[in-house]
Amino acid sequence: MHYKDTLDWMFSQLPMYQHQGKSAFKKDLSNTLKLSQSLGNPEKNFKSIHVAGTNGKGSTSHMLASILYEAGYKVGLYTSPHLKDFRERIKINGHVISKQFVMGFIRRNKSFLENHSLSFFEMTVGMAFDCFSKEKVDIAVIEVGLGGRLDSTNIITPEVSVITNIGLDHTQFLGNTLREIAFEKAGIIKPIVPVVIGETQPETTEVFKEVANKNKSKITFADQEDIELHKCDLIGIYQSKNIITVLQTIKELQGKEFKISQTHIKSGLLKVVKNTNLMGRWQVLQDKPKVVCDTAHNRDGLAYVMKQISNEVFQSLHIVFGVVNDKDLNSILDLLPKNATYYFCKPNIPRGLNAEDLKSALNKHGLIGDAYNSVSEAYKTALISAKPNDFVFIGGSTFVVAEII
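The following refers to the structure shown.

Parameters at a glance
- Residues numbered from 1 in each chain as written.
- Predicted model: local features only at pLDDT ≥ 70, side-chain atom pairs only at ≥ 80, totals over all residues.
- Heavy atoms only, no water.
- Helix = DSSP H or I, 4+ residues; strand = E, 2+ residues; numbered from the N terminus.
- Rg over C-alpha atoms; globule rule 2.2 N^0.38 Å.
- Buried < 20%, exposed > 50% of the residue type's maximum accessible area, 1.4 Å probe, protein only.
- Areas by Shrake-Rupley, 256 points an atom, 1.4 Å probe, with all protein chains shown as cover.
- Lys, Arg positive; Asp, Glu negative; His and termini not counted.
- Charge placed at Lys NZ, Arg CZ, Asp CG, Glu CD.
- Pairing = 2+ DSSP bridges.
- Axes fitted to C-alpha atoms, helices over the stretch in contact; angles between N-to-C directions.
- Contact = heavy atoms within 4.5 Å.
- Right-handed = clockwise from strand over helix to strand, strands pointing away.
- Parallel < 35°, antiparallel > 145°, perpendicular 65-115°, else oblique.
- Left-handed = near helix turned anticlockwise from the far one by under 90°.
- Disulfide = S-S within 2.5 Å.
- Expected span 1.5 Å × (residues − 1).
- Polar contact = N/O pair within 3.5 Å; in protein donor to acceptor, adjacent residues only side chain to side chain.

### What about the overall build of the chain?
Thought 1: Within the chain, the secondary structure is distributed over 16 helices and 14 strands.
Thought 2: Relative to the globule expectation of 22 Å for 405 residues, the C-alpha radius of gyration of the chain, 21 Å, shows essentially globular dimensions.
Thought 3: In terms of principal-axis extent, the alpha carbons of the chain reach across some 55 × 50 × 40 Å.
Thought 4: By the burial criterion, 58% of the 405 residues in the chain qualify as buried.
Thought 5: Carbon together with sulfur atoms contributes 49% to the accessible area of the chain, which is approximately 17,000 Å² in total.
Thought 6: For the chain, the distance from the average position of its 48 positive side-chain charges to the average position of its 42 negative side-chain charges is 3 Å.

### Observations concerning the sheet that holds strand E11 (residues 317-321)
Thought 1: Pairing in this open sheet of six strands is mixed, and the strands run E9-E10-E14-E11-E12-E13 from one edge to the other. If you trace the sheet from one side to the other, it starts and ends with strand E9 (283-286) and strand E13 (369-371), each paired once. The mean inter-strand angle of the sheet, taken between neighbouring strand axes irrespective of direction, is 20°.
Thought 2: With three bridges joining them, E9 and strand E10 (residues 290-293) adopt antiparallel strand pairing. Note that in E10 the partner of Gln 286 across the bridge is Val 291.
Thought 3: Contacting E11, strand E12 (340-344) and E13, helix H14 (residues 355-363) crosses the sheet at an angle of about 155° to E13.

### Describing the pairing of E12
Thought 1: Burial analysis of E12 places four of its five residues in the buried class, which makes it a mostly covered element.
Thought 2: Where E12 lies against E13, three bridges are found, and the strand directions are parallel. Counted as the bridge partner of Tyr 343 is Asp 370 from E13.
Thought 3: In this region the chain leaves E12, passes through H14 and returns to the parallel neighbour E13; the handedness of that crossover is right-handed.

### Comments concerning the environment of Lys 99
Thought 1: Residue placement: Lys 99 occurs in helix H5 (residues 99-115).
Thought 2: Residues Lys 99 and Val 162 lie 63 residues apart in sequence; the distance between their C-alpha atoms is 31 Å.
Thought 3: Excluding residues that lie within four positions of it along the chain, Lys 99 makes contacts with Tyr 3 and Arg 87.

### Things to note about the packing of H5 against helix H6 (residues 120-134)
Thought 1: It is at 11 Å that the axes of H5 and H6 come closest, and there the two elements cross at 125°. Overall, the two elements H5 and H6 adopt an arrangement that is oblique. When you trace H5 past H6, the crossing you get is right-handed. The segment H5 lies against H6, with Phe 101, Val 102, Phe 105, Ile 106, Arg 108 and Leu 113 engaging Met 123, Gly 126, Met 127, Asp 130, Cys 131 and Lys 134.

### A few points about the state of the cysteines
Thought 1: Summed over the entire model, instances satisfying the criterion amount to zero disulfides.
Thought 2: Sulfur of Cys 293: no disulfide; nearest cysteine sulfur belongs to Cys 345 and is 13 Å away.
Thought 3: We classify Cys 345 as buried; its relative accessible area is 0%.

### Brief notes about the sheet that holds strand E2 (residues 75-78)
Thought 1: Strand order in this open sheet of eight strands is E4-E3-E2-E5-E1-E6-E7-E8, and the pairing throughout is mixed. Where the open sheet ends on each side, the last strands, each with one partner, are strand E4 (95-96) and strand E8 (219-221).
Thought 2: Where strand E1 (residues 47-52) and strand E6 (residues 160-163) come together, four bridges link them in parallel fashion. The residue of E6 that forms the bridge with His 50 is Ser 161.
Thought 3: Running at roughly 170° to strand E5 (residues 139-143), helix H4 (residues 57-70) makes contact with E1, E2, strand E3 (90-92), E5 and E6 of the sheet.
Thought 4: The strands touched by helix H10 (residues 239-254) are E1, E5, E6, strand E7 (195-197) and E8; relative to E6, the strand with the most contacts, the crossing angle is about 170°.

### Notes on the pairing of E10
Thought 1: Between E9 and E10, which pair antiparallel and follow one another directly, the connecting turn spans three residues, one of which, Lys 288, has a positive phi of 55°.
Thought 2: Note: E10 against strand E14 (residues 391-395), four bridges, orientation parallel. When the sheet's bridge partners are listed, Val 292 is paired in E14 with Phe 393.

### As for H6
Thought 1: Along its 15 residues, H6 runs 21 Å from first to last C-alpha, staying within 8% of the 21 Å computed at 1.5 Å per residue.
Thought 2: Of all 15 residues in H6, 14 are buried; the element is thus mostly enclosed.
Thought 3: Immediately downstream of H6, the backbone of Lys 136 shows phi near 55°, a positive value.

### Concerning the environment of Lys 218
Thought 1: Relative to the elements of secondary structure, Lys 218 occurs in the loop between helix H9 (205-214) and E8.
Thought 2: Here the alpha-carbon distance between Lys 218 and Tyr 304, two residues 86 residues apart in the chain, equals 30 Å.
Thought 3: For Lys 218, the contacting residues outside a window of four places in its chain are Val 193, Pro 194, Val 195 and Glu 252.
Thought 4: Here Glu 252 takes part through its side chain, which lies 2.9 Å from a polar atom of the side chain of Lys 218.

Next comes the structure, spelled out in structure tokens:
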């Protein structure tokens, strides 16, 4: 199979959460463990940092990878989902893995993957761990896909576990309360491995303390530490919390004899995009009119983004907006500004919510705009409509952003 054939097989062979939603979610690590065993347990051959959380785990993972790279380490980075190219999920020193590695991995393991009905996410995690082992990375930053306790990535024993924060997202899988969701994410806490919690929240603090205590793990709440904030090239106002989490995590690594200086830290935070090629985090696409996209898609994430939009100076506001069909629109309605013109669209995946349905639901609440046949059409119309001093925002879903960057 060529590269495109290989990807088509991976995407179509079995349900994939990004496309199908709940039917692709497996509450079981047995398949991942079987694949790991078949590959020779590659996750045991490299050191790692495990990063979970409702919001900020992607940015946090990229910041950590950038700092470690500046410190001279060979750094693996596993994140999800991808925006443009599948290989964005698996990087070494900021470079995506080769098409040859993707094809070779599937070719070598295809019969095993088929015989054991592995999910897209399970096989991708196996591919990442196999790659990091073969390439002999010094350390890998591993972002949890969904939850933590039963996530396919949760077969590693990291140097540090990180949980950025807890919000109400993916409740159909993880629970309907912050406490329930915290329990799922606390599942990445391993015996005697330090854990850094990014944000202290009254509903979740005791959950984390209980699990850490049971595992004899040192627990630190980053926002309670005296940490000097450093500048970062990721400019979203929400990044300040992620930076504090990252700095505390680096402190834990320094205590484990990783050689990371203040110069490495400052340089790493200023070169996150350059060192890791991160996209879609308050990413400015052009000026006059200013166009920004952001992958924030749940209440907590969108609250920060909308606050940042309110701090911008502009004449008129244009919002290109699309969501997936399992999105609870009622949970975000009060965040969306009524002084904007909306361009409703459906991300080009099976889970995308029909643009007319989105328009109908939001028009009822005073959010005015038209529905378009595609994200591209919505975006082009917004650009044509916007004057030089206007502001255009694209978001609502990772998959909307993926279609325009």
